[in-house]
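# Observations on chain architecture
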Amino acid sequence: MPSNKKKSSSADKHKAKNPKKTVAKKQQSHRRRTSKIPATRKKISFKRAVVFILLPLSLLVFLFYLFIQDQRITQRFEGRIWQLPAHVYARPLELYVGKSISAEQLDFELNYLNYQNVEQLPQKFAQYRHRQNIFEIKTRDFIFWDGNEPAHTIRVNIENNKVVELINIYSNSNADLVRFDAGYLTGIFPSHSQDRVLLKIDEVPDIFIKMLLLIEDRRYFSHWGVDPRSIARALVVNLYSGQTVQGGSTLTQQLVKNLFLSQEKKISRKINEAFMSLLLEYHYDKKLILETYINEIYLGQDGRRAIHGFGLASEFYFGKSLKHLSIDEMALLVGMVKGASYYNPKRNPDHARERRNVVLSAMAQADLITSRQLELLSVKPVDTVRHASSGRYPAFIDVVKLQLQQDYQSDDLSSEGLRVFTTLDPYIQFKTEQAIKNTLPLLSKDEKLQSAAVVVSPLNGDVLAVVGDRNPSFKGFNRALNAERQIGSLIKPVVYLTALEDEEKYTLATLLDDSEFIYQDSNQSDWKPENYDKKFHGDVTLYESLLNSYNVPAVRTGLDVGLDNVTKTLFALGGKEVPAYPSLTLGAVNMSPMEVASIYQSFSANGFHSPLRSVTAVLDKTRKPLERYSLDVAIQVKPEAVVLINSALIDVTKYGTAKHLSKNLNLQVAGKTGTSDDLRDSWFAGFSGDVVAVVWTGFDDNLPTTLTGSSGAMKIWSNLIKEVAYKPYQLPERTDLETYWIDTKNGLLAEQGCENAVELSFIKGTQPNQMSDCETTGRSNWFFDLFE
Amino acid sequence: MVFMFYLLRISSYLIFSILLVSCASTEKHEVYDSLADKPAGYKYKAWRLTDATEFEAINVLLNEVDALIENSSFDAATDKLERVLRIRADYAPAWSRLSWIALQTDSPKRSVDMAKRSNSFAQSNVQLQLLNWSFIRAASKALNDDATYQRANQKINALTI
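Residues numbered from 1 in each chain as written. Chains lettered and ligands numbered in written order. Predicted model: local features only at pLDDT ≥ 70, side-chain atom pairs only at ≥ 80, totals over all residues.

## A word on the overall build of chain A
What counts is decided by this rule: A run of DSSP states H or I qualifies as a helix once it reaches four residues; a run of E qualifies as a strand once it reaches two. Both are numbered from the N-terminal end. Our radius of gyration is a C-alpha quantity, and the globule rule it is checked against amounts to 2.2 Å times the number of residues to the power 0.38. Three classes are used. A residue is buried when 20 or more other C-beta atoms lie within 10 Å of its own, exposed when 12 or fewer do, and partly exposed in between, with C-beta atoms placed from the backbone. Residues are treated as contacting if the C-beta atoms built from their backbones sit within 7 Å of each other.
Within chain A, the secondary structure is distributed over 26 helices and 34 strands. What you see for chain A is a C-alpha radius of gyration of 39 Å, clearly larger than the 28 Å of a compact globule of 788 residues, by over 25%. Expressed along its principal axes, the backbone C-alpha trace of chain A runs to roughly 155 × 80 × 45 Å. Expressed as a percentage of the 788 residues in chain A, the buried residues total 44%. Taking as baseline every contact in chain A between residues at least 6 positions apart, the subset at least 24 positions apart corresponds to 67%.

## Some words on the overall build of chain B
Scanning chain B from N- to C-terminus turns up 7 helices and 0 strands. Seen in sequence order, chain B has helices and strands lined up from the N terminus as α-α-α-α-α-α-α. Residues classed as buried in chain B amount to 38% of the 161 residues present.

## Thoughts on helix α6 (residues 251-260) of chain A
Within α6(A), the full set of buried residues consists of A:Leu251, A:Thr252, A:Gln253, A:Leu255 and A:Val256. In this fold, the buried residues of α6(A) make contact with α4 (206-216), α7 (267-283) and α8 (286-296) of chain A.

## Considerations on the sheet that holds strand β10 (residues 173-174) of chain A
Residues and elements named next belong to chain A. Definition in use: Pairing between strands is defined by DSSP: at least two bridges between the two strands are required.
An order of β3-β4-β5-β8-β9-β10 is seen for the 6 strands of this open sheet, with the pairing classed as mixed. The open sheet has two edge strands, β3 (116-117) and β10, and neither has a second partner. Direction of pairing for strand β5 (residues 134-138) relative to strand β8 (residues 153-159): antiparallel, over a ladder of 5 bridges. When the sheet's bridge partners are listed, Ile-137 is paired in β8 with Ile-154.

## So, the interface of chain B and chain A
To keep things clear, this is the line we draw: Three classes are used: nonpolar for Ala, Val, Leu, Ile, Met, Phe, Trp, Tyr, Cys and Pro, charged for Asp, Glu, Lys and Arg, and polar for all others, with Gly counted as polar.
Taken together, the contact between chain B and chain A spans 20 residues of the former and 21 residues of the latter. At the level of secondary structure, the elements contributing two or more residues to the side of chain B that touches chain A comprise α2 (56-70), α3 (74-87) and α5 (108-120) of chain B. When residues in the side of chain B that touches chain A are grouped by element, the largest group, 7 residues, is from α3(B). Its residues assigned to classes, the side of chain B that touches chain A shows 9 nonpolar, 3 polar and 8 charged.

## Let's talk about the domain arrangement of chain A
Residues and elements named next belong to chain A. Rules: Annotation comment: domain bounds sourced from an automatic or database domain assignment.
Domain parsing of chain A yields domain 1 (2-78), domain 2 (88-186), domain 3 (189-218 + 297-388), domain 4 (222-287), domain 5 (433-724) and domain 6 (737-787). Between the C-alpha centres of domain 5 and domain 6 the distance comes to 29 Å. Counting residues at the interface gives 13 residues for domain 5 and 11 residues for domain 6. Those elements that place two or more of their residues in the side of domain 5 that touches domain 6 are α18 (542-547) and α22 (639-652). For the side of domain 5 that touches domain 6, the element with the highest residue contribution is α22, accounting for 4 residues. Of the residues in the side of domain 5 that touches domain 6, the class split is 6 nonpolar, 4 polar and 3 charged.

## Side note on the pairing of strand β27 (residues 625-628) of chain A
Residues and elements named next belong to chain A. The pairing of strand β26 (residues 615-619) with β27 spans 3 bridges and is classified as antiparallel. For Leu-619, the partnering residue across the bridge sits in β27 and is Pro-625. Once β26 ends, the chain turns through 5 residues before running back antiparallel as β27, passing Arg-623 with a positive phi of about 70°.

## Notes on the environment of A:Leu374
All names here are of chain A. Tracing the chain through its elements places Leu-374 in helix α12 (residues 371-378). The exposure class of Leu-374 is partly exposed, given the 19 C-beta atoms found within 10 Å. Here the alpha-carbon distance between Leu-374 and Gln-406, two residues 32 residues apart in the chain, equals 54 Å.

## Notes on helix α20 (residues 563-572) of chain A
Residue and element names in this part refer to chain A. Within the span of α20, buried status applies to Val-566, Thr-567, Thr-569, Leu-570 and Ala-572. Of the surrounding elements, those touching the buried residues of α20 are α17 (492-500), α19 (551-561) and α21 (593-604). Backbone geometry just after α20 places Gly-574 at a positive phi near 110°.

## Things to note about the environment of A:Thr153
Residue and element names in this part refer to chain A. With respect to the helices and strands, the residue Thr-153 is situated in strand β8. Classification of Thr-153 by C-beta neighbours within 10 Å gives partly exposed; the count is 19. Along the chain, Thr-153 and Thr-139 lie 14 residues apart, while their C-alpha atoms are 6.4 Å from each other. Leaving out residues up to four positions away in the same chain, Thr-153 has contacts with Pro-122, Lys-138, Asn-168, Ile-169 and Tyr-170.

## A few points about the pairing of strand β34 (residues 757-763) of chain A
Residue and element names in this part refer to chain A. Counting buried residues along β34, 5 of its 7 residues qualify, which places the element largely inside the surrounding structure. In this sheet, β34 lies alongside strand β32 (residues 737-743) in antiparallel orientation, the contact comprising 7 bridges. Among the inter-strand pairings, Trp-741 is bridged to a residue of β34, identified as Glu-759.

## Notes on the confidence of the model for chain A
Residue and element names in this part refer to chain A. Basically, it comes down to this: Per residue, pLDDT captures the predictor's confidence, and it can take any value from 0 to 100.
Averaged over all residues, the pLDDT of chain A equals 88, while 91% of them reach at least 70. Segment residues 29-35: pLDDT under 50, and 2 contacts once partners within four positions in sequence are set aside and those in other chains are kept. Throughout residues 776-780 the model reports pLDDT below 50, and contacts reaching past four residues in sequence, or to other chains, amount to 10 contacts.

## A look at the sheet that holds strand β17 (residues 450-456) of chain A
Strands pair in a sheet through their backbones, by hydrogen bonds, and they do so in one of two ways: parallel or antiparallel. All names here are of chain A. Stated precisely, the cut-off is as follows: Here the axes come from fitting lines to C-alpha atoms, over the contacting stretch only for helices, and the angles between their N-to-C directions go from 0 to 180 degrees.
Taken in spatial order, the 5 strands make up an open sheet running β18-β17-β31-β30-β29, and their pairing is antiparallel. Two strands close off the open sheet at either side, each with one partner strand: β18 (463-467) and β29 (670-675). Averaged over all adjacent pairs, the angle separating strand axes in this sheet is 5°, with direction ignored. When β17 meets β18, the two strands line up antiparallel, connected through 4 bridges. Looking across to β18, one finds that Val-456 is bridged to Val-463.

## Re the confidence of the model for chain B
All names here are of chain B. Mean pLDDT over chain B works out to 80, with 71% of the residues at or above the 70 mark. Within chain B, helix α1 (residues 2-37) has the poorest average pLDDT of any element, 51, and α5 the best, 95. pLDDT under 50 marks residues 19-34. Its contacts with residues more than four places away, or in other chains, come to 10 contacts. Residue range residues 36-41 is modelled with pLDDT below 50. Its contacts to residues more than four positions away, or to other chains, number 5 contacts.

Here it is as structure tokens:
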């Protein structure tokens, strides 16, 4: 209005100064006047426009904004809220009377499972008391692929490395079979590395919910997502103290911030947060929002793995599920919401304890606990479980991923919350790592010397342990799986097995020609294989040739039986397809330790091959069985011929190239050394009654070492087997086999006392039918024994 | 009277002998004839070893296996049998049961392999070998593997003599 007045007065002045232009001016003035009326109208229209256009437009924009936010919320909540990593577990330990296990191993297993060693009889889950050979244990319940295994409270008595007594403590009855929970190995994470164990609201103890709401949002069940009273209270408190000491955010707002918004402190973020909280509450039930909050909240870091949700946090910090936590432990977790890093009980136990006591005091004030309970709980120390960081056993996890990739997309592995049950034996894995770490420096001071090892079960091909580097926790190149190196003499049992399958022609006593041999090929230069000792030994039995790992007889035999047949036998034993070159007979073929383990598993099972497996079952995120990998077995070689080879492999470890083993080990094993050209690779592959192990040592750049199979890999193998094998390898009873004493000088039947006589196994009817003249070939042992 | 007495006595001996023979032959035939007749839930005598008492755990698991087989829960039964084998890898009856389950679940190749594995541990257990060969025979028939079928027949005949 004032602007109109101003305009009319200036027009009057102009009129006085220019009288000649009056008409025109009048006309102009009239025009102006006439134009003034619409101008006022315009002003009115503008107001109207504001009211009728801009406001609705703003409203539309606001509604659009709400619509967009609403879409964000509903899409997230009605789809998959989180990408859940796969959780990978070790094999569960099973105890029964007669089980071979040392007290040291059981102690290790319990520590591995984060059981707490206590002084008194264990009262809580995952506790144990160990006195001499007696363990009293309260196990955790656990959901396996075949159902839930309830918790047990048991007494275990171990004598001479065997369980001799297994008692249910409370019922004082025999416990026939107890299966422990499966130890967590690692997760297969999505790129953001968030990890969580989802909880349903019904699985969360009531006291925990009360505690959480008491501390974080007392009016949770009465507000609509935003609580003006809390905001006002926080405002007053913060103004009064001059700094931000209290937040007014509801649980819903915290959840919205964590799920949808950034952590920046901006008013725009707070506004978004408020509206989205209202929308969230409008759409969803309070219980669902609370459940989501319980699973979303960030509660610490484990290396790269971010610990989210109270479900995982309770397992990570206390080694048990939320429902099994004590009140002080729950209070500690609730206290951590304020600052997961500052109140981290592992890193800052004092801060965590202080905060826990604040929570406990608040509980006492709210009559959730008594003052007596407060007194008792406040003085309790902060006990968390020792926890090796996740990402252990990278070499084994590589094997697991390889198996799973046959059935699952890699995205599914890191987002579907699968529970993967593997075959890893934590104790054997630990001992394998120790054997490499402790033995390798004794073999060479060169820190570039590398090693890899694979341990599998003879029974079923279960992969029990894998080490892929001299530093077992190294996550780089996995030699156990990917280093394909020449296997040297490890091939010889395969060559001789091919021969022994032709029982009409070959037996262990068959004489082989160990004299100079030249292999001529029109396309290539002549090949002259030599023995390791650079000597020729004339006629030697097949048995001795294998025992001493002579090269020349192996080449002749391989060529005689046919190289194609050797490759077929290799494949039938679980090896891969390889080209049939003559040098194959001396192991000039590249294989990884894992591939060698597959072949030697067949020997250990007397010809029955079980494909190596590292995964036994997969459950989905609701713990329903998804996939089961059953035991598989097949036989494509003559088992009686394999037993003959195994009888010779036992003698390799007693009298042959691996004879030092018999000095170090107290149980019967069978095995074979392997050395490639110029000592570039040192191998040992062998088995007891309960484990098959393959060890390789060498340089990554394929430079020569100073190690043979027996001076290198075999020493690691020996130190490993000493720790993990309980059962000797015994030849199976077979009615189609017989043993005879044989004179190794001529391969004929001999008297037991004959100097060169050895007892060899034969398929019935294939033994020699002529007797050796022992007097001319050697001395009688009994005669010399008299004087010795 | 004396004649009648001896006649009665001889007759009773005869009847007893016939009963004995028929019982024995029933025992023999139970093993391989029952395979077709009673496919589910049938507990073969050879599936329990009396010397397994060393590990009571095995008996517990085998009882669970029996119950699962009766409910045709073959996957779960297979899982329990694998647990048995982890306790005693050479427990031939467990391998035999796996062979039988494979037969029930249309996996004849697997059945043959499992039965062979069982036999490798049952060298002195004729009853179990006979049972395993009957599984192999049934499986090889399903596989149209005539050679294995004939060999299984020969083995069964040899073992029943």
